[in-house]
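Summary of structural features
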Amino acid sequence: MPDQSFLVCGPRVAVRRISVQDRAEIAVLDRESAALHHPWVPARDTTEEAFRAYVAKFDQPAHEGFVVCLRESGAIVGGVNINDIVRGGIQSGALGYVAYASTTGHGYMTEGVRLVIRYAFTELGLHRLEANIQPGNAPSARLVERLGFRLEGCSPRFQYVDGAWRDHERWALTAEMTEHAAGSGPR
Ligand SMILES: CC(C)(COP(=O)(O)OP(=O)(O)OC[C@H]1O[C@@H](n2cnc3c(N)ncnc32)[C@H](O)[C@@H]1OP(=O)(O)O)[C@@H](O)C(=O)NCCC(=O)NCCS
């Protein structure tokens, strides 16, 4: 049983760090959600060794890995990562997220990603989060738009996904654009 101590809580969901103990639950969810995730995010290897390596990545200061859980049951309904965190005068990270097939379409991810954003701009001291979204991934674009992200432009051949370099739309949110602005400078 993973540690259920939540970092941030909303009305329906709460966010905690991902743990190696989440492997069995996430392996089932990933399998059930293959059609939802393809071709938008790379398939994840949930064999024991690969999952341990995946979680270990979040021990590094440049990566943060979270799961979004239902407050009542603790069941995982989504995952949110902040990758490629750059400090100094940039204070930025790249947001990644997945919902799962059985619980998509209830607003859980909007609530969960909002909690992660608040955590990033306050506890982590970040100033900017970006989300890189393939054209055609309408649910993902709707999610970040709901959360106040601004479409900055297109990054041609930005990321290797599903066997090819794919163009992505670059959406971003800075701390000033949210009600949770940290109001602090670089640290
Ligand atoms: C992108 C993704 C995470 C969005 O998931 P989601 O389930 O749509 O997000 P939410 O949980 O916030 O649900 C929002 C939807 O629930 C609806 N909803 C239903 N009941 C709701 C409620 N009580 N409260 C809020 N929203 C509710 C909303 O209207 C919204 O639907 P809409 O987008 O059609 O308007 C999901 O589609 C996914 O995992 N895609 C594959 C992976 C991916 O693309 N990742 C991002 C790569 S850039």
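The shown structure was predicted, so the numbers you read here are calculated from the model rather than taken from an experiment.

Right, let's get into the overall build of the protein. Helices and strands together make up the secondary structure of the protein, namely 5 helices and 8 strands. Its helices and strands taken in sequence order, the protein reads β-β-α-α-α-β-β-β-α-β-α-β-β from the N to the C terminus. The burial tally for the protein puts 47% of its 187 residues in the buried class. Sequence separation of 24 or more characterises 61% of the internal contacts of the protein that already satisfy a separation of 6 or more. Put simply, the protein shows about 9600 Å² of open surface, and 52% of that area lies on carbon and sulfur atoms. Where the 20 positive side-chain charges of the protein centre and where its 22 negative ones centre are 2 Å apart.

Attention now moves to unusual backbone geometry. Note the cis peptide between H38 and P39, where omega equals 5°. Mapped onto the fold, P39 is located in the loop between α2 (34-37) and α3 (48-56). One non-glycine residue with positive phi stands out, namely Q91, at about 50°. Within the secondary structure, Q91 is located in the loop between β4 (76-86) and β5 (92-99). The class for Q91 is buried, based on a relative accessible area of 3%. With a phi angle near 50°, R157 is a residue other than glycine that sits in the positive phi range. Within the element layout of this structure, R157 appears in strand β7 (residues 150-161). Accessibility expressed as a relative area gives 55% for R157, which makes it exposed.

Okay, the site of the ligand next. Around the ligand sit 23 residues, and of these T104, G105, T110, N137 and R142 come closest. Within the contact set of the ligand, an oxygen atom lies 3.4 Å away from a side-chain nitrogen or oxygen of R146. Bound to the protein, the ligand loses 73% of the 960 Å² it would expose on its own. When contributions to the shell around the ligand are tallied by element, the ones reaching two or more residues are α2, β5, α4 (108-122), β6 (128-133) and α5 (138-146). When its residues are assigned to classes, the shell around the ligand shows 11 nonpolar, 9 polar and 3 charged.

Counting residues in each nonpolar core, the largest one holds 35 residues, and the members touching the most others are I82, Y97, V113 and F149. Within the residue set of this core, elements represented by two or more residues are β2 (13-17), β3 (64-70), β4, β5, α4, β6, α5 and β8 (164-174). Counting residues per element, this core draws most heavily on α4, which supplies 9 residues. Ignoring sequence-local partners within four residues, the contact set of F149 consists of L95, I117, L129, E130, A131, V144, W171, A172 and L173. Within the second largest apolar cluster, 12 residues are counted, among which are I26, F58, C69 and V98.

One open sheet holds the 8 strands; their spatial order is β1-β2-β3-β4-β5-β6-β8-β7, and the pairing between them is mixed. Each edge of the sheet is formed by a strand with only one pairing partner; in this case those strands are β1 (8-9) and β7. The pairing of β6 with β8 spans 6 bridges and is antiparallel. When the bridges of β8 are listed, I133 appears paired with E169.

The next subject is the pattern of salt bridges. Counted according to the given criterion, the structure contains 8 salt bridges. Here R16 ties to D22 by a salt bridge, and the two come within 2.8 Å at their closest N and O atoms. You'll find R16 and D22 in the same group, each marked buried. Among the charged side chains, a salt-bridge network with shared partners connects R128, E130, E152 and R170.

Conventions and cut-offs
Residues numbered from 1 in each chain as written. Predicted model: local features only at pLDDT ≥ 70, side-chain atom pairs only at ≥ 80, totals over all residues. Heavy atoms only, no water. Helix = DSSP H or I, 4+ residues; strand = E, 2+ residues; numbered from the N terminus. Buried < 20%, exposed > 50% of the residue type's maximum accessible area, 1.4 Å probe, protein only. Contact = heavy atoms within 4.5 Å. Areas by Shrake-Rupley, 256 points an atom, 1.4 Å probe, with all protein chains shown as cover. Lys, Arg positive; Asp, Glu negative; His and termini not counted. Charge placed at Lys NZ, Arg CZ, Asp CG, Glu CD. Near = heavy atom within 4 Å. Polar contact = N/O pair within 3.5 Å; in protein donor to acceptor, adjacent residues only side chain to side chain. Nonpolar A, V, L, I, M, F, W, Y, C, P; charged D, E, K, R; others polar. Core = buried A, V, L, I, M, F, W, Y, C linked by side-chain atoms within 4.5 Å. Pairing = 2+ DSSP bridges. Salt bridge = Lys/Arg side-chain N within 4 Å of Asp/Glu carboxyl O.

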